[in-house]
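# Observations on the three-dimensional arrangement
Chain by chain, the residues:
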Amino acid sequence: MTTVGPGAAHEGTRSPTEPTRSPAYVDDRRHVFHSWSAQAALDPVVVAGGDGAWFWDDAGRRYLDFSSQLIFLNLGHQHPRMVEAITEQVAVLATVAPTYANAARSEAARLIAERAPGDLDRVFFTSGGTEANEHAVRMARLHTGRHKVLTMYRSYHGATSGSIVATGDPRRWPSEPGPGGYVKFLGPYPYRSSFWSTSEDEECERALAHLDQVLMFEGPANVAAVMLEPVVGTNGVLVPPDGYLAGVRERCDRHGIVMIADEVMSGFGRCGEWFAVDRWGVVPDLVTFAKGVNSGYVPLGGVAISPDIAATFADRPYPGGLTYSGHPLACAAAVASIGIFEDEGILARARHLGEKVIGPRLSALAEHHPSVGDVRGLGCFWAVELVKDRASREMLVPFNATGADARPMAELLAACKSRGVVPFTHFNRLHVCPPLVISDEDAHAGLDAIDEALTIADRWATA
Ligand SMILES: Cc1ncc(COP(=O)(O)O)c(C=O)c1O
């Protein structure tokens, strides 16, 4: 008998002892080329559905999503108003070229501009975060007539050719040498200070002094932009000391440098604010966003632009564009998302979860797990930093560990998953970043599971 349909080609080749896998799994393993991975050993969970902070696989096993998929699912799975807005838009106008105006894009731009920091009031839409950063850098270079861009070592800015070399973390290495002009500096990180600081104030002051030095050596008149994640995401949920972002703003003003805040991960409620910079009242010149703008229901990113930079391109063409810039389905999802944030008090909810549930529970974990060296975060954006030894702060696994070196973290993640919770892990850290709509009860249940799983990490800790 001939079978037609997904996975059919596999039927004749499966050995009798091989467990029956769904067509989705079989076709994935045969035909999907996955991001960032050696393809041979992959064993992806087939996600069959989701609801809020939960998702389930094709065998019906349920998981509590403590990584908001890839930290973008701020409103959780299948929010009915999001689904409805996309469905309504698809029936009216499923797509349109960027040259035209359309209702969904116009409204999304206005709603974002109204919530963007300070006087940023114009939006260039992209299809995701890396493109947003590419365009922000291009705008800064053309606006200033300068070339260099300063970014942090502990950063991730995306995977296209400019953003990957703007990135500080090791994902940059295989793409080097890439486009020139990207210079790295060290940001504040009180728990592992590069500046021998003993307090947050000292860390702030010394990290700014270091930035001054880098500017001096690079020549501030050559620097187009300083681009940073206001709260560094994947590289550690590094919440800057009070005064740091204001200090960067001041230096940008002094030297005529464009300040770019990459809020792709930290924006749209993740930190309990529309944008993380709002917490410190700092207004960048360009703010890039993606992910939480519409919880990734349809790919969308963008750059919120200051009047000054927008004016540069009033009479001079902006040399850049994207076929799907301001796609109506993505923009309709953004409009719905912002409405839900307002109507359901999502920012307050994220702050509540951080202040009353996640923060206190993680601090309590730190008391009785010797592997927990530091706990930090805000809103629904938290990191648990794991160490072998609390006194020396030696990392539980080495920087950028892979294979056998990364085993303690792999075992910890497996222990979490076996208890039905999926946190995000990176190097020696476990990140707790659930959708902002998670109930207190579910958040507690997930944290209970992490508490149990951490006994695995404790076994690798020596003190
Ligand atoms: C801070 C930051 N910037 C940029 C990006 C890249 O976004 P995208 O994957 O949508 O291109 C990411 C993705 O994780 C990010 O966390």
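Read on for an overview of the structure. Everything numeric here is computed off the predicted structure, so don't read it as measured data.

### Section: the site of the ligand
- In the neighbourhood of the ligand, the contacting residues comprise Gly128, Gly129, Thr130, Asn133, Tyr156, His157, Gly158, Glu229, Asp262, Val264, Met265 and Lys291.
- A distance of 2.8 Å separates an oxygen atom of the ligand from a polar atom in the backbone of threonine 130.
- Looking at the shell around the ligand element by element, the count peaks at 3 residues for helix H5 (residues 129–144).
- A per-class count over the shell around the ligand returns 3 nonpolar, 6 polar and 3 charged.

### Describing the sheet that holds strand S10 (residues 301–305)
- Overall, mixed pairing links the 7 strands, which are arranged S4-S10-S9-S8-S7-S5-S6 in an open sheet. Where the open sheet ends on each side, the last strands, each with one partner, are strand S4 (122–126) and strand S6 (182–185). Neighbour-to-neighbour, the strand axes of the sheet open up by a mean angle of 20°, direction not taken into account.
- Sheet topology note: the strand S9 (residues 286–289)/S10 ladder contains 4 bridges and is antiparallel. Directly across from valine 287, in S10, lies its bridge partner alanine 304.
- Strands S4 and S9 of the sheet are contacted by helix H4 (residues 103–115), whose axis makes an angle of about 125° with S4.

### As for the layout of surface pockets
- Reported here for the second largest pocket is a volume of approximately 520 Å³.
- Going through the elements one at a time, H4 and S4 are the ones with two or more residues in the lining of the second largest pocket.
- Per element, the largest residue contribution to the lining of the second largest pocket is 4 residues, and it comes from S4.
- In the lining of the second largest pocket, the residues fall into 12 nonpolar, 3 polar and 2 charged.

### Here's the deal with the nonpolar core
- Ranked by internal contacts, the top residues of the largest apolar core, which has 112 residues, are Leu150, Tyr244, Val248, Leu362, Leu412, Val432 and Ile450.
- For this core, the leading source of residues is helix H10 (residues 328–343), giving 11 residues.
- Look past the residues within four positions of leucine 150 in its chain and what remains in contact with it is Val183, Phe185, Leu211, Val214, Leu215, Val223, Ala225, Val226 and Met227.
- In this structure, Ala166, Ile260, Ile309 and Tyr318 belong to the second largest nonpolar core, which totals 24 residues.

### Overview of the state of the cysteines
- Scanning the model with the defined rule gives 0 disulfides in all.
- Cysteine cysteine 204 shares no disulfide, and the gap to the nearest cysteine sulfur, in cysteine 252, comes to 14 Å.
- Classification of cysteine 204 as buried rests on a relative accessible area of 8%.
- Note on cysteine 271: no disulfide assigned, nearest cysteine sulfur contributed by cysteine 433 at a separation of 9.3 Å.

### As for helix H11 (residues 346–368)
- End to end, H11 covers 32 Å across 23 residues, agreeing with the expected 33 Å (1.5 Å per residue, within 8%).
- At glycine 354, H11 shows its maximal kink, close to 40°.
- Buried residues along H11 sit against H10, strand S11 (372–378), strand S12 (381–389), strand S15 (429–432) and helix H13 (440–460).

### A few points about the environment of serine 337
- In this fold, serine 337 is placed in helix H10.
- The sequence separation of serine 337 and asparagine 294 amounts to 43 residues, and the corresponding C-alpha distance is 5.5 Å.
- Residue contacts for serine 337: discarding those within four places in its chain leaves Leu75, Met82, Gly292, Val293 and Asn294.

### Re the pattern of salt bridges
- Taken as a whole and assessed by the stated rule, the structure comprises 23 salt bridges.
- For glutamate 107, the salt bridge identified is with arginine 110, shortest N-O distance 4.0 Å. Here the residue glutamate 107 and the residue arginine 110 both occupy positions in helix H4, the gap between them amounting to 3 residues, near one helical turn.
- By relative accessible area, which is 33% here, glutamate 107 ends up partly exposed.
- Glutamate 114 is the salt-bridge partner of arginine 115, the closest N and O atoms lying 3.6 Å from each other.

### Topic: a negative patch on the surface
- On the surface, a cluster of negative charge is contributed by Glu200, Asp201, Glu205 and Asp242.
- With respect to the element layout, glutamate 205 can be found in helix H7 (residues 200–218).

### Details of the pairing of strand S2 (residues 54–57)
- A one-sided burial pattern is seen for S2, the buried positions being Phe55 and Asp57 and the unburied ones Trp54 and Trp56.
- The pairing of strand S1 (residues 47–51) with S2 spans 4 bridges and is classified as antiparallel. Paired with glycine 50 across the strands is phenylalanine 55, a residue of S2.
- Joining the antiparallel neighbours S1 and S2 is a turn of 2 residues, in which glycine 52 adopts a positive phi near 60°.
- As defined by bridge partners, S2 adjoins strand S3 (residues 62–66) across 3 bridges and the pair is classed as antiparallel.

### Examining the side chain of histidine 210
- For histidine 210, the position within the fold is in helix H7.
- The buried category is assigned to histidine 210, whose relative accessible area is 17%.
- Polar contacts involving the side chain of histidine 210 include one to the main-chain amide nitrogen of leucine 186, which spans 2.9 Å.

### What about unusual backbone geometry?
- In this structure, proline 177 follows glutamate 176 across a cis peptide bond, with omega equal to -5°.
- With respect to the element layout, proline 177 can be found in the loop between helix H6 (161–166) and S6.
- For serine 295, which is not glycine, the phi dihedral falls at a positive 55°.
- When you line up the elements, serine 295 lands in the loop between S9 and S10.

What counts and how
Residues numbered from 1 in each chain as written. Predicted model: local features only at pLDDT ≥ 70, side-chain atom pairs only at ≥ 80, totals over all residues. Heavy atoms only, no water. Near = heavy atom within 4 Å. Polar contact = N/O pair within 3.5 Å; in protein donor to acceptor, adjacent residues only side chain to side chain. Helix = DSSP H or I, 4+ residues; strand = E, 2+ residues; numbered from the N terminus. Nonpolar A, V, L, I, M, F, W, Y, C, P; charged D, E, K, R; others polar. Pairing = 2+ DSSP bridges. Axes fitted to C-alpha atoms, helices over the stretch in contact; angles between N-to-C directions. Contact = heavy atoms within 4.5 Å. 1 Å grid on protein atoms, 1.4 Å probe; cavity = no way out; pocket = protein on both sides within 12 Å on 5 of 7 lines; lining within 4 Å. Points joined across faces, edges and corners; volume = space filled by probe spheres on them. Core = buried A, V, L, I, M, F, W, Y, C linked by side-chain atoms within 4.5 Å. Buried < 20%, exposed > 50% of the residue type's maximum accessible area, 1.4 Å probe, protein only. Disulfide = S-S within 2.5 Å. Expected span 1.5 Å × (residues − 1). Bend = angle between axes of the 7 residues up to and from the residue. Salt bridge = Lys/Arg side-chain N within 4 Å of Asp/Glu carboxyl O. Patch = residues over 30% accessible without salt bridge, like charges linked within 9 Å, V, L, I, M, F, W, Y side chains within 5 Å. Areas by Shrake-Rupley, 256 points an atom, 1.4 Å probe, with all protein chains shown as cover. Lys, Arg positive; Asp, Glu negative; His and termini not counted. Charge placed at Lys NZ, Arg CZ, Asp CG, Glu CD.

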